[in-house]
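Residue-level structure breakdown
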Amino acid sequence: MKYIVMECHFSYVILLDEDGKFLKAANRGYQVGQAVYDPVLVGSYRYRPPVTRMIARGVTLIAACLLIFFGFSYYRNNIEPYSTILLTINPEVKMELNRRGEVLELVGINADGMTLIAGYDYEDKDKITVADELIDRAIEMGFLADGGNVAFTVNVPDQELRRTYESELQDQVAAYLAGRINVEITVIGDDLPAVTDPTSLTTPPNTPSTTDPTPTYIGTDRALEIALDHAGVTPDKVEKNELDEDDGVMVYELDFIAGGIEYEYEIDALTGAILQHQSEPVD
Amino acid sequence: MSHEHSIIHWVKDAKEDMAAADEMIRAYMPFIRKETAKFLKRPLVEENDDELSIAMIAFYEAILDYSIIRGSFLHFAALHIKSRLIDHTRKESRHRGIVSMDHPAWEEEDTPLRDKLADPDDPLHEGMMRDATRMEIEEFSASIRTFGIQLSDVADHCPQQQRTLEACRIALAYAKENPQIMDEFLRTKRLPLSLIAAGSGVERKTLERHRKYMVALLLAYTNGFEIIRGHLKCALLTGGKDK
């Protein structure tokens, strides 16, 4: 194609091609009226992704969507902890399960529990298998003897699934142990996270009971009395006097006003000791 | 920060106005030269390195293509210049091993190779031809300016697709054959678009979009611009056949 130079500017020229098109091009030292055969046209270089890349991009996008979708459902079914089973013999072991009922993690709740699971490989095993094998280990290690108790505390969000788990544990573990050892199996459904006191469920014969007595608190009246004694005032107004948990310690929190001064007290609910106190004028 | 802002405004202006673009390119010549030298991995020897022209037009394209979401303008422009130069180098690599006419004939000699070769064309004639062409083109530019049109506008509104080009050709051929339309066009200095659209069957929208282009070509065909018309060998073929 032949072009003639119609107009020259500093950075570009205007060319007329044989089809009657006017075009802008790079000024490679041209002069008006000159014939040009190989101009560098403006806009002739546009980055267009090649078709293959477009297809690749589309495929990648679809793959990413699938991965997110299936990845999520895989995560939901296989990786996300869904339910827990607390196995209590005397050693206490918590199993975390995924939705498919496979054991994700074993946690020894007490020292014996840690001993029991030490070196035990639970990966990709079903809850029943793990329960059976753990009981075997407990027998081997002498934690469980004839006439002992085994308790399962099942904590599953779904009620129906919980019942299935319960019956599975009850029947299959019993079937597994049948004829070898005489053990009482208890299965308890638990709606709360498994932070139960194991000894309240079963008392294994080979350990002394170490049950805590139900804690008795001093009561709000006694707490107020202690605080007022300490402050040496008569309150105009008691704004707060309640039992609260502070870093795992049960305390009574008190606020009261006496003679234009606001007092704040924290009193140990069990011992009645003053843990913290401060006062400031009321504005 | 304020520098970055002012450059964005400048780019915005330059997008619409070719003169502003030219101005901006002139101002950013050091930048363009630097980018070119960086690409060539050598300092630019002459003012008119071919690569520099490419880089300049690439800078202009960067102005046209730039939008704020692309980030810093200068980074964008540098990238565009680089890809344009790569493109150019690939194209030119085909001619590697062929000596340029401008290459010195002997080492340490200034005379270009061109001057040492027997010229197949008559250089005198060619020079005269070029002068004549230049004068005709200048006259042509002046005449379209009386219609309020610049050549750069024509380039901006030139049909890109073959189909549009055909449609414009049909419309032009029709206009050329109708003295009534030509009279009105020259008298009012306006293109009677509705008459052309009705007569040629080309959509009015198409004509409106390429109005400046139509004016330029119509003038080229009417006022005796022989050289330009000679150059456009196949344009308006349909109209030419009738004569």
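Structure report, in brief.

Criteria and cut-off values
- Residues numbered from 1 in each chain as written.
- Chains lettered and ligands numbered in written order.
- Predicted model: local features only at pLDDT ≥ 70, side-chain atom pairs only at ≥ 80, totals over all residues.
- Helix = DSSP H or I, 4+ residues; strand = E, 2+ residues; numbered from the N terminus.
- Buried ≥ 20, exposed ≤ 12 C-beta atoms within 10 Å, placed from the backbone.
- Contact = placed C-beta atoms within 7 Å.
- Expected span 1.5 Å × (residues − 1).
- Nonpolar A, V, L, I, M, F, W, Y, C, P; charged D, E, K, R; others polar.
- Axes fitted to C-alpha atoms, helices over the stretch in contact; angles between N-to-C directions.
- Parallel < 35°, antiparallel > 145°, perpendicular 65-115°, else oblique.
- Left-handed = near helix turned anticlockwise from the far one by under 90°.
- Pairing = 2+ DSSP bridges.
- Core = buried A, V, L, I, M, F, W, Y, C linked by C-beta atoms within 7 Å.
- Arc of directions from axis to C-beta.

1. Considering the overall build of chain B
What chain B contains, in helices and strands, is 15 helices and zero strands. Expressed as a percentage of its 243 residues, the buried residues of chain B come to 28%. Long-range pairs, those at least 24 residues apart, make up 59% of the contacts in chain B with a sequence separation of at least 6.

2. A look at the overall build of chain A
Of regular secondary structure, chain A possesses six helices and 13 strands. Within the span of chain A, comprising 283 residues, buried residues form 28% of the whole. Of all intrachain contacts in chain A linking residues separated by at least 6 positions in sequence, the fraction that spans at least 24 positions is 42%.

3. Here's the deal with helix α13 (residues 211-222) of chain B
Residues and elements named next belong to chain B. The terminal C-alpha atoms of α13 lie 16 Å apart, and with 12 residues this matches the ideal 16 Å at 1.5 Å per residue to within 8%. The set of residues buried in α13 consists of Lys212, Tyr213, Met214, Val215, Ala216, Leu217, Leu218, Ala220 and Tyr221. Positive backbone phi, at 70°, marks Gly224, one or two positions downstream of α13.

4. Examining the interface of chain B and chain A
Taken residue by residue, the interface counts 36 residues in chain B and 29 residues in chain A. At the level of elements, α2 (18-27), α4 (50-65), α5 (73-92), α7 (123-145), α8 (151-156), α13 and α14 (226-231) of chain B are the ones that each hand at least two residues to the side of chain B that touches chain A. Residue composition of the side of chain B that touches chain A, by class: 18 nonpolar, eight polar and 10 charged.

5. Things to note about the packing of helix α3 (residues 29-40) of chain B against α5(B)
Residue and element names in this part refer to chain B. Relative orientation of the contacting elements α3 and α5 amounts to 45°, with a least axis distance of 10 Å. By the angle between their directions, the pair α3 and α5 is classed as oblique. For α3 against α5, the interelement crossing comes out right-handed. Contact with α3, carried on its side by Phe31, Ile32, Glu35, Thr36 and Phe39, involves Leu74, Ala78, Ile81, Lys82 and Leu85 of α5 and no other residues of that element. Considering only residue class, the contact of α3 with α5 consists of seven nonpolar, one polar and two charged.

6. Some words on the sheet that holds strand β12 (residues 261-268) of chain A
All names here are of chain A. Spatially, β10-β11-β12-β13 is the arrangement adopted by the four strands of the open sheet, whose pairing is antiparallel. Looking at which strands have only one partner, the edges of the open sheet turn out to be β10 (237-246) and β13 (274-281). In this sheet, adjacent strand axes meet at a mean angle of 15° when their direction is disregarded. Pairing of β12 with β13 involves seven bridges; the strand directions are antiparallel. By the bridge assignment for β13, Tyr265 is matched with His277.

7. Brief notes about the sheet that holds strand β1 (residues 3-8) of chain A
Through backbone hydrogen bonds, the strands of a sheet pair up, either in parallel or in antiparallel fashion. Residues and elements named next belong to chain A. Strand order in the open sheet formed by four strands is β3-β2-β1-β4, and the pairing between neighbours is antiparallel. Whereas interior strands pair on both sides, the edge strands pair on one side only; in this sheet they are β3 (22-26) and β4 (35-36). The sheet contact formed by strand β2 (residues 12-17) and β3 spans five bridges and is antiparallel. Bridging across to β3, Tyr12 finds its partner in Ala26.

8. Side note on unusual backbone geometry
Residues and elements named next belong to chain B. Of note in the backbone geometry, Lys41 takes a positive phi value of approximately 60° without being a glycine. By secondary structure assignment, the location of Lys41 is in the loop between α3 and α4. You can call Lys41 exposed: it has 6 C-beta atoms within 10 Å. Located in the positive-phi region is Lys189, a residue other than glycine, with phi close to 55°. Locating Lys189 in the fold gives a position in the loop between α10 (179-188) and α11 (193-200).

9. Section: the environment of Ser53(B)
By secondary structure assignment, the location of Ser53(B) is in helix α4. Considering only alpha carbons, one finds Ser53(B) and Thr36(B), 17 residues apart in sequence, at a separation of 9.6 Å.

10. Section: the nonpolar core
Core analysis: the biggest nonpolar cluster contains 67 residues, and Leu15(A), Phe22(A), Ile57(B), Phe59(B) and Met214(B) have the highest contact counts within it. Setting aside its immediate chain neighbours within four residues, Leu15(A) contacts Tyr3(A), Ile4(A), Val5(A), Met6(A), Leu23(A), Ala25(A), Val36(A) and Pro39(A). Of all hydrophobic cores here, the second largest spans 28 residues; its members include Leu106(A), Ile117(A), Tyr165(A) and Val183(A).

11. Section: α5(B)
All names here are of chain B. Under the 1.5 Å per step criterion, the end-to-end length of α5 is 28 Å for 20 residues, consistent within 8% with the ideal 28 Å. The set of residues buried in α5 consists of Ala77, Ala78, His80, Ile81, Arg84, Leu85 and His88. Buried residues in α5, looked at end-on, bunch into an arc of 165°, giving them a common side. Set apart from the buried face of α5 by more than 90 degrees, the exposed residues are His75, Ile86 and Arg90. Tucked inside the fold, the buried residues of α5 contact α3 and α4.

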